[in-house]
Amino acid sequence: MGRQAYVNGRFVRHAEATVHIEDRGYQFADGVYEVVTLLAGSFVDEAGHLARLKHSLEELRIAMPVSDAVLKLLMAELIRRNNIRNGYLYLQITRGVAPRDFKFPKKTRSALVMTTRRQSFSPSLSDDAGIKVASVPDIRWARRDIKSIGLLAQVLAKQNATEAGAFEAWMVDSDGFVTEGASSNAWILTKNGVLVTRQADHSVLHGITGNSIEYLARELGVKVERRPFTLAEAFEAREAFITSATTFCLPVIEIDGRTVANGHPGELTCNLRQHYFDYGQKRQDRPFAWPK
Ligand code: PMP
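Conventions we followed
Residues numbered from 1 in each chain as written. Predicted model: local features only at pLDDT ≥ 70, side-chain atom pairs only at ≥ 80, totals over all residues. Heavy atoms only, no water. Near = heavy atom within 4 Å. Polar contact = N/O pair within 3.5 Å; in protein donor to acceptor, adjacent residues only side chain to side chain. Areas by Shrake-Rupley, 256 points an atom, 1.4 Å probe, with all protein chains shown as cover. 1 Å grid on protein atoms, 1.4 Å probe; cavity = no way out; pocket = protein on both sides within 12 Å on 5 of 7 lines; lining within 4 Å. Sits in = over half its atoms within 2 Å of the grid points. Helix = DSSP H or I, 4+ residues; strand = E, 2+ residues; numbered from the N terminus. Nonpolar A, V, L, I, M, F, W, Y, C, P; charged D, E, K, R; others polar. Domains from an automatic or database assignment. Axes fitted to C-alpha atoms, helices over the stretch in contact; angles between N-to-C directions. Parallel < 35°, antiparallel > 145°, perpendicular 65-115°, else oblique. Left-handed = near helix turned anticlockwise from the far one by under 90°. Contact = heavy atoms within 4.5 Å. Buried < 20%, exposed > 50% of the residue type's maximum accessible area, 1.4 Å probe, protein only. Pairing = 2+ DSSP bridges. Points joined across faces, edges and corners; volume = space filled by probe spheres on them.

Q: Honestly, the site of the ligand in this entry has me stumped. Any pointers?
A: Neighbouring the ligand are 18 residues; Arg52, Lys147, Glu180, Thr209 and Ala245 lie closest to it. The side chain of threonine 209 places a nitrogen or oxygen atom 2.6 Å from an oxygen atom of the ligand. Separating an oxygen atom of the ligand from a backbone N or O atom of alanine 245 is a distance of 2.8 Å. Burial of the ligand by the protein chains amounts to 95% of its free accessible area of 390 Å². When each cavity is represented as a set of grid points, the ligand is found to reside in the largest pocket. Of all elements in the fold, only helix H2 (46-60), strand S9 (177-181), helix H5 (208-219) and strand S14 (239-244) reach the threshold of two or more residues within the shell around the ligand. Looking at the shell around the ligand, its residues break down into five nonpolar, nine polar and four charged. Two domains each provide a minimum of three residues to the shell around the ligand, namely domain 1 (4-118) and domain 2 (131-282).

In structure tokens:
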């Protein structure tokens, strides 16, 4: 049947998959999403992604359209139908279809859409790998812990980064601290060997990949601090990297045109990438705790 998507109770041909024009996701960005990576046939950090999905839904008072068990079955079935072993699954839940009106509709069933994409991943990186990052002001709303489908600020941030020749944008808050990447978390390894990333409060999305990377780093004996850091601190860093489900852990070699350290992927970054890859293939979900 070719590539398939899941739309509100049915598996349909991807090219013919449609949603209603009065879906509140389309009209108000009234919905949430998750992206779960599939590595060698199994989902990486599935439990964490489903925990964050629930958090996002609860904060917005959107009902889970199906039970956890059914959702997991549907995810597995979509992967099976698309015959994918490496890639990712995109999952979106909106408040559903209703005549356009800001307040919550009384009787609406939340809508579930899932698609998949094939992608291959490699644990190792060549010495000239690494990405460039461009900073932009963080102009988003105050509840960035919710994985909202309202992504206009990130669209603009990525476009600005692309026009500046960079792969990712690092968003900077009004106090001069880096919050996170447009679609990733931001990390630095300080000169003193401390791994730093922003604390998981409402100012950033609590990255599922970053959560596991933090565990892996601690297991390697690396000290991890969750606190804000400035661009000035990042310019001086020994290493810098980003984490996300689709990039795992990618070295940052340039920030706003300034070379990070010697301009090559850092040793710890490459190590963590390899460890995350191994961890992903072993399906050992690390515990996932929600910040209060
Ligand atoms: N921050 C933002 C803004 C993101 O969009 C993402 C990617 N979903 C992340 C961080 C990383 O999250 P995860 O590791 O769960 O993919």
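Following the structure, the description resumes.
Q: So what exactly am I meant to see when it comes to the packing of H2 against helix H3 (residues 68-82) here?
A: Any two packed helices are characterised by how steeply their axes cross, that is the angle between the axes, and by the distance between the axes. Two elements in contact, H2 and H3, have axes separated by 12 Å at closest approach and are oriented at 125 degrees. With respect to H3, the axis of H2 lies oblique. Crossing of H2 against H3: the hand is right-handed. Between H2, through Glu46, Leu50, Leu53 and Lys54, and H3, the contact on the second element is made entirely by Asp68, Leu71, Lys72 and Met75. The class makeup of the residues in the contact of H2 with H3 is four nonpolar, no polar and four charged.

Q: How do you make sense of the pairing of S9 when you look at a structure like this?
A: Look at any regular strand and the pattern is simple: side chains alternate between the two faces of the sheet. Most of S9 is tucked away, with four of its five residues classed as buried. As defined by bridge partners, strand S8 (residues 168-172) adjoins S9 across three bridges and the pair is classed as antiparallel. Each bridged residue has a counterpart across the sheet, and for tryptophan 170 the counterpart in S9 is glycine 181. With two bridges joining them, S9 and strand S13 (residues 229-230) adopt antiparallel strand pairing. Paired with phenylalanine 177 across the two strands is threonine 230, which belongs to S13.

Q: Can you help me understand empty space enclosed by the protein in this one?
A: Over the atoms, a rolled probe matching the size of one water molecule traces out where space is still vacant. Tallying each qualifying case throughout the model produces one cavity of 30 Å³ or more. The calculated volume of the largest cavity comes to roughly 80 Å³. As for the largest cavity, its lining consists of Asn185, Trp187, Thr197, Arg198, Ala200, Val204, Leu205, His206, Gly207, Gly210, Asn211 and Arg226. Elements with a contribution of two residues or more to the lining of the largest cavity: strand S10 (185-189) and H5. Here the lining of the largest cavity is composed, by residue class, of four nonpolar, six polar and two charged.

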